[in-house]
Amino acid sequence: MAVLVVGGAGYIGSHAVRALARAGRHVVVFDNFEKGHPEAVRGISVFNGDLRRPADVAEVFTQHAIEAVMHFAAYSLVGESMQCPERYYQNNVCGTLNLVSAMQRSGIRHFIFSSTAATYGEPEYAPIDEAHPTRPTNVYGETKLTIERMLDWFGAIYGLKSARLRYFNAAGADPAADIGELHDPETHLIPLVLQAALGERESISVYGTDYDTPDGTCVRDYIHVNDLADAHIRALDYLEAGNPSDMFNLGNGSGHSVRQIIDIARAVTGRDIKVINAGRRPGDPATLIASSAKAMRVLGWQPKLHDIETIIRTAWAWHSRTAKTWNT
């Protein structure tokens, strides 16, 4: 029996695949490679398919004996979601509906869902816990929350057990430096900063310098991708032990500003990074920090690579050694 990792060739998915393999679990990856990379899943059984095609989803359950599903496949660009909402509903919501419907027909009851802090919208307090109101301010966050509600109904009607993991800012790379974060286009701060350090882009833009934060720039909670992967395995163990469906925030519980990230990256890389100050982007909250107390208490989860310098060092090792050898 195998764990099906949907979107397993992507950034977070590939790190979850590696963590599952290290834990002795058999893994099958389902990916259409629109965003994922074949290099990230070498040596792993792969089914090339698209969630938007019900026949593909049905076929993977026919070909493989699947006992549980981890779902990472989603469009996740906030700005794009506000320009092309239909793409996000079709891929994220309809694709997931195809997936859980096929699971229901196949009798598979354990589902780990990659959700997001974007379900909360503008924070009313910090750190944000799971009791915080969910009022998404963009289509991306709304599609994730829609899926969470869909999972509640599939649980009530069909008995599907799910763990919804709302994580904050995933960052870093496996210390082996052979898999990591590579998007096209890239929108995440740490890889953008490291690309500037490598000379792959001329500068890094800082969007907003007048926020109500210690240095005027946005503050975010960065969580190492391997710690996220560990939480997914713990969530699966939790469901397999017969526990009820639940949701969990995943973060380090501390924040770092944009300027702090750039300064630490300069120290880690030993290189200058040119900065251009720009205006605020609509919808960017000043501060987003997670409370992960529930995941620690219920799942026994504890971030191990929580130091921001360590997170950036692992990302730098990946970007400076391996990223340029991959096809984008």
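Quick caveat, the model's predicted, so the values are computed rather than measured.

> Can you explain the overall build of the chain? Please cite residues and give values.
In terms of regular secondary structure, the chain is built from ten helices and 14 strands. A compact globule built from 328 residues should have a C-alpha radius of gyration of about 20 Å, and the chain, at 19 Å, falls within 12% of that. Judged by the C-alpha coordinates and their principal axes, the chain covers about 55 × 45 × 40 Å. The 328 residues of the chain split such that 55% are buried. Long-range contacts, defined as pairs at least 24 residues apart, comprise 76% of the intrachain contacts of the chain with a sequence gap of at least 6. For the chain, the exposed surface amounts to about 13,700 Å²; the carbon and sulfur share of it is 49%. Placing the 31 positive and 37 negative side-chain charges of the chain at their respective mean positions leaves the two points 2 Å apart.

> Outline the sheet that holds strand β4 (residues 66-71), listing residues and values.
Strand order in the open sheet formed by seven strands is β3-β2-β1-β4-β5-β6-β11, with parallel pairing between adjacent strands. Looking at strand neighbours, the two that pair on one side only are β3 (45-48) and β11 (246-250), the edges of this open sheet. The average angle at which neighbouring strand axes cross in this sheet is 20 degrees, direction not considered. Pairing of β4 with strand β5 (residues 110-116) involves three bridges; the strand directions are parallel.

> Lay out the pattern of salt bridges in plain terms, naming residues and giving numbers.
Throughout the structure, instances matching the rule amount to 22 salt bridges. Across the pair Arg25 and Glu67 runs a salt bridge whose closest N-O atoms are separated by 3.5 Å. Residue Arg25 is located in the loop between α1 (11-22) and β2 (27-31), and its partner Glu67 is located in strand β4; the two are separated by 42 residues in the primary sequence. Residues participating in the shared-partner salt-bridge network are Glu34, Asp50, Arg52, Glu80 and Arg87.

> Explain the sheet that holds strand β14 (residues 287-288) to me, using residue names and the numbers behind them.
Pairing in this open sheet of three strands is mixed, and the strands run β12-β9-β14 from one edge to the other. Taken across any chain shown, the strands that pair with only one partner, and hence form the sheet edges, are β12 (256-257) and β14.

> Explain the side chain of Glu148 residue by residue, including any values.
Along the polypeptide, Glu148 turns up in helix α5 (residues 139-158). Glu148 sits in the buried class, given a relative accessible area of 2%. The contacts of Glu148, once residues within four sequence positions are left out, are Phe113, Ser115, Thr119, Arg164, Arg166 and Met247.

> Mind laying out the packing of α1 against helix α7 (residues 225-240), listing which residues take part and the relevant values?
A pair of packed helices is characterised by two quantities: the angle between their axes and the separation of those axes. As a packed pair, α1 and α7 sit with axes 8 Å apart at the nearest point and diverge in direction by 60 degrees. The pairing of α1 with α7 is recorded here as oblique in orientation. Considering the relative orientation of α1 and α7, their crossing is right-handed. In this structure, α1 uses Tyr11, Ile12, His15, Ala16, Ala19, Leu20 and Arg22 to contact α7, whose residues at the interface are Val225, Asn226, Leu228, Ala229 and Ile233. Grouping the constituent residues of the contact of α1 with α7 by class yields nine nonpolar, two polar and one charged.

> Please provide a residue-by-residue account of α1, values included.
With twelve residues, α1 should reach 16 Å at 1.5 Å per residue; the first-to-last C-alpha distance of 17 Å fits that figure. Across the twelve residues that make up α1, a large majority, nine, are buried. All of the buried residues along α1 are Tyr11, Ile12, Gly13, Ser14, His15, Ala16, Val17, Ala19 and Leu20. The inward-facing, buried residues of α1 contact β1 (2-6), β2, β4, β6 (161-167), β7 (169-171) and α7. Just past α1, the residue Gly24 takes up positive phi, approximately 85 degrees.

What counts and how
- Residues numbered from 1 in each chain as written.
- Predicted model: local features only at pLDDT ≥ 70, side-chain atom pairs only at ≥ 80, totals over all residues.
- Heavy atoms only, no water.
- Helix = DSSP H or I, 4+ residues; strand = E, 2+ residues; numbered from the N terminus.
- Rg over C-alpha atoms; globule rule 2.2 N^0.38 Å.
- Buried < 20%, exposed > 50% of the residue type's maximum accessible area, 1.4 Å probe, protein only.
- Contact = heavy atoms within 4.5 Å.
- Areas by Shrake-Rupley, 256 points an atom, 1.4 Å probe, with all protein chains shown as cover.
- Lys, Arg positive; Asp, Glu negative; His and termini not counted.
- Charge placed at Lys NZ, Arg CZ, Asp CG, Glu CD.
- Pairing = 2+ DSSP bridges.
- Axes fitted to C-alpha atoms, helices over the stretch in contact; angles between N-to-C directions.
- Salt bridge = Lys/Arg side-chain N within 4 Å of Asp/Glu carboxyl O.
- Parallel < 35°, antiparallel > 145°, perpendicular 65-115°, else oblique.
- Left-handed = near helix turned anticlockwise from the far one by under 90°.
- Nonpolar A, V, L, I, M, F, W, Y, C, P; charged D, E, K, R; others polar.
- Expected span 1.5 Å × (residues − 1).

Keep in mind that these numbers describe shape and distance, not what the molecule does.
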